[in-house]
Structure formats: structure tokens, C-alpha cells
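Structure at a glance
So you can see what is in the structure, the chains are spelled out below.
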2 protein chains.
Amino acid sequence: MSLDLKPYKGTRDIYPEDMRLRRYIFDTWRSAVEACGYEAYDAAILEPLELYAAKTGEEIVSQQTYTFTDRGDRQVAIRPEMTPSIARMVAARRQELAYPARLYSIANFMRYEKPQRGREREFWQLNADIFGAESIEADVEIIALAAAILERFGARPNMYTIKINDRRLIDFIMSQYLSLDAASALKLIKLLDKKSKIPPADFEAAVAEIVGNDNLSKVQDLLKVESVSKLPKAVLNSGKSDDIKSVCNKLAALGVAAEFDISLMRGFDYYTGIVFEVFDNNPDNNRSMFGGGRYDGLVGLFGVEDLPVVGFAPGETTTIEFLKAWDLLPDLAPATDLVLVQLVDGAEQVAAELRQAGLNVAVDFTGRKLDKVIKSVDKNNLKWILFVGDDELKSGVFKLKNLRTGKEFTAEISQIAEIVLES
Amino acid sequence: MSLDLKPYKGTRDIYPEDMRLRRYIFDTWRSAVEACGYEAYDAAILEPLELYAAKTGEEIVSQQTYTFTDRGDRQVAIRPEMTPSIARMVAARRQELAYPARLYSIANFMRYEKPQRGREREFWQLNADIFGAESIEADVEIIALAAAILERFGARPNMYTIKINDRRLIDFIMSQYLSLDAASALKLIKLLDKKSKIPPADFEAAVAEIVGNDNLSKVQDLLKVESVSKLPKAVLNSGKSDDIKSVCNKLAALGVAAEFDISLMRGFDYYTGIVFEVFDNNPDNNRSMFGGGRYDGLVGLFGVEDLPVVGFAPGETTTIEFLKAWDLLPDLAPATDLVLVQLVDGAEQVAAELRQAGLNVAVDFTGRKLDKVIKSVDKNNLKWILFVGDDELKSGVFKLKNLRTGKEFTAEISQIAEIVLES
């Protein structure tokens, strides 16, 4: 019996063509966040389970996290998200770090979910957070950074929508405006979070069950509110929507449009202020791409003085879906520039010189017939081929061929890199 | 009660200064292998457990692998190494891929080991393999690549030793020369693999127990053999040491020294031909750094036509120990070039222009007193600071300061990037 050819369910083998896309995305993320002063960190893939017990959404911990007991009888989890890890890391160096501390990571995570388009059991995310900045400039920076990343991928503002809300506003509406107790409020929040996935009639019935028939119209009216100024007086006067307005105005000054959306909740329990989510406007991929927000209470859970934090986390697969939907995927070439066909011993020295000149050179030492060599070079999507035999080594003049155009060149070693790199 | 500040046992939190080192190592690996025509791939961190049942060393699977049962009742493992995953990936595209296929990954792994210097429960490795190349040119390329990587890190040939052996030679010695049955041979191999960690007297006693007192001197004599030509005639005539000699000669022609070491075994069960290991020569860090070899029987286990493969896998932590021991660690600066102190609204536009010019700019919008800002910039090990207030925005002339030298500059926006990037 032979071994199974398939990777673990819900995960993917990343062959070179997919890896080039992954690296393009990671490199774009990296250059975007480093341009704004973020420094890279990393953490281990395995964490003590208790790290997630406190503030990650209940569904994620109890149903979606990969947990097990290690050989030393410790309860562990494969991380389902980065936020608790980086909150711990910052807490551990609470005194040593300088604030505001801008930190980012590009890392993999696992969740036990039903595999579907744009959602895999192992997934990669950028996490970018700014620690120790209380003012809304931090919220503005993070949301503007989300837009800047999409811009670097070639997106135009009409391709996506940024929606924002505020947890303090939600809390005020739940406890004061709708007079719900904590349990009912949580139910309503979870329900609103799933609104787009539930048929309207079912949604209405579920709302009524939580808030009572008397309050149903209040909720329905709220859900129709499209700008902060149209909120009911009682809500507006609380001041809980002021930051949304300020953040939107400051973003507008930077050329970034953000819309208030009262139904925006975000799944994680740790958010405490402004939250936002970026939606793809493409009718073929009309979905939430990623989001983030402010979570001022997480660092303090580690027994140190609390710190305000704002962050966000776009994912690789949703980014790919977005780029595909808008035809923004670039044409990514292999890393290898040239295949050197070694017809005699001693060709390796030529390869070494070409590498010195900056070329990535694969040596074909198989001694196969030329048509087989070319077929293999073609299959690998490579363009340039160089023949190195006795005559070439003696004369120092080589035959170079572009397999795409069929064009042949006669060149000395010193000219080859230039010809290839300029093509 | 507050949450624990520590990461999972045997793992490390990677703060920016450590991350810069990690990225330096990964970037160096990447440029070295891509220069030789290797293309990047990746695989998921979780794999079906059965993937490792066949050929990974028994100790690694039974004692060191993180295994558990997932929520769908599947037996899974956090990958302890990459070789079985990439063998599966190549087998799954056995017909589609072009050969020789040069593939590499930089990825994390977990093993449940006793944490010690240079050994962590989560660790990162480069894996580079060449698939579908039968001839010893592939072995030579891989070993030369190992040396080329160390060279890129600034190592000189006197700093490390490359030792090589051949599994076919070992097998011949075990079964023919020492007439051992398979079980005894395996015992002796495992014992030789641990030779350096066992006191000489204990080692001798253990060898005698396996081979019998009559054969002990035969083994002792073998262990004294320092070059292939000094092997006993009966062994030499088998031809099983010919490849070692050829590989060493071809490496020598490339300027790479490799030494025959008959006691070199390598821990994994899948090797079938030439094996090698690179040792640090530094007396403070005299240890095996990494190794590799030929494993021609692995791809075929997946029910496809077999493929010859040669590969190797250096690790991050052993590389760091090597660089430390030889004082080869470079001085790595943060990614952020400049901190822009925003004294008034509108400074963000200046930051945007500087980013356009290629600078990584962190904006300090805290409104703190200047000495506090400078203390924080210093703490982050950053060099340049730029002040943006009303006067500067009006005049277009800015005050730029190098905190390392104390030198101040007066510059227009267009000059700032140049001054900073040239420093």
C-alpha cells in the first residue's frame, strides 16, 4: 500500500507558481507596513491553550482551535490568530519597549473550519499593530495603512469599501438605548455579525426574540442609519459616536473614504473602540476581506499596566480572491534567470561567473539530448538557455538562446548577464 | 489571576532585534539557493501522521513528533521535518514536473525535545533538494551549495569541515564485511551516530555487544580509516566507496574540501547513497551544524515511479550559533529610517512624500515633550528624526537631526531622503 498523495484536509501544497504569488503578497505587505515604521516580529506556532481562554471569540476557541495535550501533559493550541501572542510579547517587555511601538508579523495559523473558497484550515495573515497610542491618530493610521496596502496591490478606491463602527457605541446602544442585559446584548451582537448570511425574515424573527417585539422597530430603524449624524438623538448625545466621525474626517483628509456601518461587529471579544472592516466591491467576490480595530484591554490581562492598541490583519487567501476578482494578479516569473547546459566538465566555472554577475543559474548536467533539455526548460517556464561545451570554453564565446522569442545571441561571459537581465 | 507571560516551553518569542537576524539568515539562504536555480515551495504545518510512519527515523516519530487526533478523528502531526512533505508534493505531480527539479523551502518545524543550546522545540530550516538527477553531479552541487551558503555568511573554509560517507558503503560493511543481520546493523548504525556523545569505554563495550568480541577490532580498525584508499581491500573492491572519491574530487575542483568519515551515519532512515554533514571547527561550538544526502527511494513510496533525490537542510539556530562563534553576526539596523515628529496636523503629507522617495517613516503623533520623543526614538535604536510644525510646512524647509552623531541638517523635502539614505 502506498502513502497518500494529498495534504491534510483543508490545507494546500504550495508549488512554485503559487509560492511566487505568496511571496509577492508577503513582499507587498512588508514594504507597505515598513514604509510606515512597523518592525517585524514572530512567535511560535504552538501556544499554551490558556492564552486564548480570555478574549478570543468563544466559537473560535471551543470549536475551531486545534488543541491537544503535549507529551509533558500541557494543554496547547496551534495559534488561531496572532493578537494574544503579540499582546503577551509586549506585556513581557512592558517597561523595555518604546511607545508607540509599531509591530508586524506575517505568519501562519490554523482553524478547524469547513474548507471553502477563500477559507482554509491553515492560513497566512499579516498582523500590524500600534501599541501605546491612545489618540485616534492611531486608528486613522491603521485604517489608512489598510487602504495603502490595497493601493500597492494596484487597487483603486472604487474596488473596496471600508466600513467602521465603535464598540463603545454598540455597548451604549445595547445597554442604554435597547436596555438589554449582557447576555442578550451578546446574542444580538453575534446575530448582527452574521446578518448578511441569514435570510431577512429569519433575521427579523431572531432579533425580535432577543429584544422583544416592542423594541424590534428600534433595531430596524437603527440598521437603516447610514451616517453618524442620522443616529437617534439619545444615541448621538451620548458622545459614543464622536470618534467615528473624527476618524472618518481625518481619513478623508488623507484621501481615504470610510463609511459608518452600525451593523459591523467583528468576531473577537477583545475590541474596545473603533472597529473596521474592508469589503470587496466586486459583484463576483462581494465579501468582507479583513478588518481590525482598537483593543485597549488585552495587554493588561498579563498582569502589567494596560496599553492602548490598534491593529488589523489581512489574510493571504482573501487577498488573492480580491486580486483575481479585479484582474490585479501580476505575471510572476520564476527566480531562475538562465539554464546553463553543461556539455563538458568545467562548465561550472562559467555558472559561478554568471552568478557573480547577478544571474540565477541552474546547471543542466544531465547530458540528455537537446530537445529533451529544452522541453524541460520550457516546462519550468524558463526563458534563457546557454550552451557550454569545449569550443565555448576555449573561445570564451557562448551561444545564448531566448526560448520565448527563439532569438539567438553570441556573447562573451561579461555580456550575458546584461542581455538576460534587460530582457 | 493574570495570564502567563512566557511562550510555550522550548519556543521563543522573536522580538524585532531577533527577527532582523532571522530575516538576514533567511534572505542569505534564499539568495544562495536561488542563485543556483532553486525555486521556492511551501507546505502546511500539519500533516497526516502516516506520512512519517514510513521513513523518518523511529525515534523522531515515536518520541519527538507532536501528534494528536483532530476534531474529525484524523491522526495528524505537526511536521518534524520537510522531506516527506516535499517527496509527497513531487510524487503528486510526478508527470507534470520537469527534471531535474530544484526546490527549496524555508519553514518551521516542531520536535518534542529537551530544549538546549542550538536546539528548540520549534525551529526553522532551509530545505533544498534536487529531484530527478541520478548522477553524482547532483550530490556535488548540493554539497557545494552548502559551502556556498556558509561563504555568503562570511565564513572561510577553515571555519568548518564537510564530512561525507555513503549509505551503500555502510550497508556493505554491515552485511558483508561484518556479517551482521539487519537488526544488529541498525543497532550499530544508531550507536555510531551517537559516538561523539558516549564515553570511549562505554562506546567500545556497546560495539562489542553488537558485533561480538571477535569483530571488535575490525570495527576499531575501520573507525581509524581516514581516507577512502585506506579502507580494507575487501571493502574497497566492492566499489561501494567509489562515489565518495569521485564526489570529493569534483568538489576539490570547485574549491570545496570534503573529508571521508566512516562513522558518519545521519539519523534519517531514508538515505540511500552519499550522505554528508557540516561541522563547526570552532572550539567553542564544535558540533555538527547540518547535513543531507541522497534518498532515492522516498518518492516511490507514494505509488509513483521512483525518483532520485539529493538534498540538505541547514537550521536557523545552528547557523546563529556558528555566526556567533566566529563573530560573523552583522550589525542589523531596524527597517525604519526616520521618525517624523508631527507637531501640527498636515504633517502626514510630508510623511507620504518621504515614503514616495523610498524612506520608511514612522510618525510620532503623541504630542509629547521633545525629550520624551527622543528617548523613545533612541530606545528603538533609530537614527533620524524630523520635525514638522507650522513654520516648516509653510517654508518647506525642515530640521533633520541624526541622533547618533548629534548633527543637524536644514533641508527641503526633496533632499531629506538622500541625506538619510546616504548616512
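Predicted model, so just to flag it, every value in this text is computed and none were measured.

Let us now look at the relation of the copies chain B and chain A. Mapping chain B onto chain A calls for a screw motion: a turn of 180 degrees about the axis and a shift of 0.0 Å along it, with 0.0 Å RMSD after fitting. The superposition operator between the copies reduces to a two-fold rotation axis. Relative to the rotation axis, the closest C-alpha in chain B is found at Phe68(B), a distance of 3.2 Å. The fraction of interface residues of chain B whose copies in chain A are also interface residues reaches 100%, indicating that both copies meet through the same surface.

In this section: the domain arrangement of chain A. When the domains of chain A are assigned, the result is domain 1 (16-325) and domain 2 (338-421). Computed from C-alpha coordinates alone, the two centres of domain 1 of chain A and domain 2 of chain A are separated by 51 Å.

The next subject is the nonpolar core. Ranked by internal contacts, the top residues of the largest apolar core, which has 246 residues, are Ile143(A), Leu340(A), Ile143(B), Ile164(B) and Leu340(B). Not counting the four nearest positions on each side in its chain, Ile143(A) is found in contact with Ile162(A), Val247(A), Leu251(A), Val256(A), Ala258(A) and Phe276(A).

Another point: the interface of chain B and chain A. Taken residue by residue, the interface counts 69 residues in chain B and 70 residues in chain A. The residue inventory of the side of chain B that touches chain A, partitioned by class, reads 39 nonpolar, 11 polar and 19 charged.

Let's shift gears to the sheet that holds strand E4 (residues 75-78) of chain B. All names here are of chain B. Strand order across the open sheet formed by 3 strands is E2-E4-E3, with antiparallel pairing between neighbours. At either margin of the open sheet sits one strand with a lone partner, and together these are strand E2 (46-48) and strand E3 (66-69). Between one strand and the next, the sheet's axes are offset by a mean angle of 35 degrees, whatever the strand orientation. Bridge count for E3 against E4 is 4 bridges, and the pairing is antiparallel.

For the rest of this paragraph, the subject is the confidence of the model for chain A. Summary statistics for chain A give a mean pLDDT of 93 and a share of 98% for residues scoring 70 or more. Both confidence scores are given for the complex: pTM 0.95, ipTM 0.94.

Attention shifts here to the pairing of strand E13 (residues 361-364) of chain B. All names here are of chain B. With burial as the criterion, each face of E13 is covered, one bearing Val361 and Val363 and the other bearing Ala362 and Asp364. As paired strands, strand E12 (residues 338-342) and E13 are joined by 4 bridges and run parallel to one another. By the bridge assignment, valine 341 is partnered in E13 with aspartate 364. For the handedness criterion, the β-α-β arrangement of E12, helix H13 (residues 347-356) and E13 is classed as right-handed.

All names here are of chain A. Over its 12 residues, helix H11 (residues 242-253) extends 17 Å from the first C-alpha to the last, a length consistent with the 16 Å expected when each residue adds 1.5 Å. Those residues of H11 that fall on the buried side of the exposure criterion are Ile244, Val247, Cys248, Lys250 and Leu251. Looking straight down H11, one finds that the buried residues subtend no more than 165 degrees of arc, so they occupy a single side. Seen from the buried face of H11, the exposed residues on the opposite side, beyond 90 degrees, are Asn249 and Ala252. Looking one or two residues beyond H11, the residue adopting positive phi is glycine 255, at roughly 85 degrees.

To continue, consider helix H12 (residues 316-325) of chain B. Residues and elements named next belong to chain B. Buried within H12 we find Glu316, Thr318, Thr319, Glu321, Phe322 and Leu323. Where H12 is buried, its residues meet helix H1 (16-35), strand E6 (122-131), strand E9 (274-280) and strand E10 (288-294). Directly after H12, the chain includes aspartate 327, whose backbone phi takes a positive value near 60 degrees.

Moving on, we come to the packing of helix H8 (residues 200-211) of chain B against helix H9 (residues 213-224) of chain B. All names here are of chain B. Interaxial distance between H8 and H9 falls to 8 Å at its minimum, and their mutual angle equals 125 degrees. Classified by the angle between their axes, H8 and H9 sit oblique to one another. Considering the relative orientation of H8 and H9, their crossing is right-handed. Of the residues in H9, those touching H8 at Val207, Ala208 and Val211 are Asn213, Asn215, Leu216 and Val219.

All names here are of chain B. Close contact between H1 and helix H5 (residues 136-152) brings their axes to 9 Å; oriented N to C, the two are set at 135 degrees. In terms of axis orientation, H1 runs oblique to H5. Like other packed secondary-structure pairs, H1 and H5 cross with a definite hand, here right-handed. Contacts between H1 and H5 involve Thr28, Trp29, Ser31, Ala32 and Val33 from the former and Leu145, Ala148, Ile149 and Arg152 from the latter. For the contact of H1 with H5, a count of residues per class yields 6 nonpolar, 2 polar and 1 charged.

To continue, consider unusual backbone geometry. Following Tyr99(A), the chain continues into Pro100(A) via a peptide bond in cis, with omega recorded as -5 degrees. With respect to the helices and strands, Pro100(A) occurs in the loop between helix H4 (83-92) and strand E5 (101-110). The phi torsion at Asp73(A) lies on the positive side, around 70 degrees, for a residue other than glycine. Following the sequence through the fold, Asp73(A) ends up in the loop between strand E3 (66-69) and strand E4 (75-78). Non-glycine residue Ser179(B) carries a positive phi angle of around 50 degrees. Take Ser179(B): it is sitting in the loop between helix H6 (167-177) and helix H7 (182-193). You can call Ser179(B) exposed: it has 12 C-beta atoms within 10 Å.

Reading the values: rules and limits
Residues numbered from 1 in each chain as written. Chains lettered and ligands numbered in written order. Predicted model: local features only at pLDDT ≥ 70, side-chain atom pairs only at ≥ 80, totals over all residues. Least-squares fit on C-alpha atoms with pLDDT ≥ 70 in both. Contact = placed C-beta atoms within 7 Å. Domains from an automatic or database assignment. Core = buried A, V, L, I, M, F, W, Y, C linked by C-beta atoms within 7 Å. Buried ≥ 20, exposed ≤ 12 C-beta atoms within 10 Å, placed from the backbone. Nonpolar A, V, L, I, M, F, W, Y, C, P; charged D, E, K, R; others polar. Pairing = 2+ DSSP bridges. Helix = DSSP H or I, 4+ residues; strand = E, 2+ residues; numbered from the N terminus. Axes fitted to C-alpha atoms, helices over the stretch in contact; angles between N-to-C directions. pLDDT = per-residue confidence, 0-100. Right-handed = clockwise from strand over helix to strand, strands pointing away. Expected span 1.5 Å × (residues − 1). Arc of directions from axis to C-beta. Parallel < 35°, antiparallel > 145°, perpendicular 65-115°, else oblique. Left-handed = near helix turned anticlockwise from the far one by under 90°.

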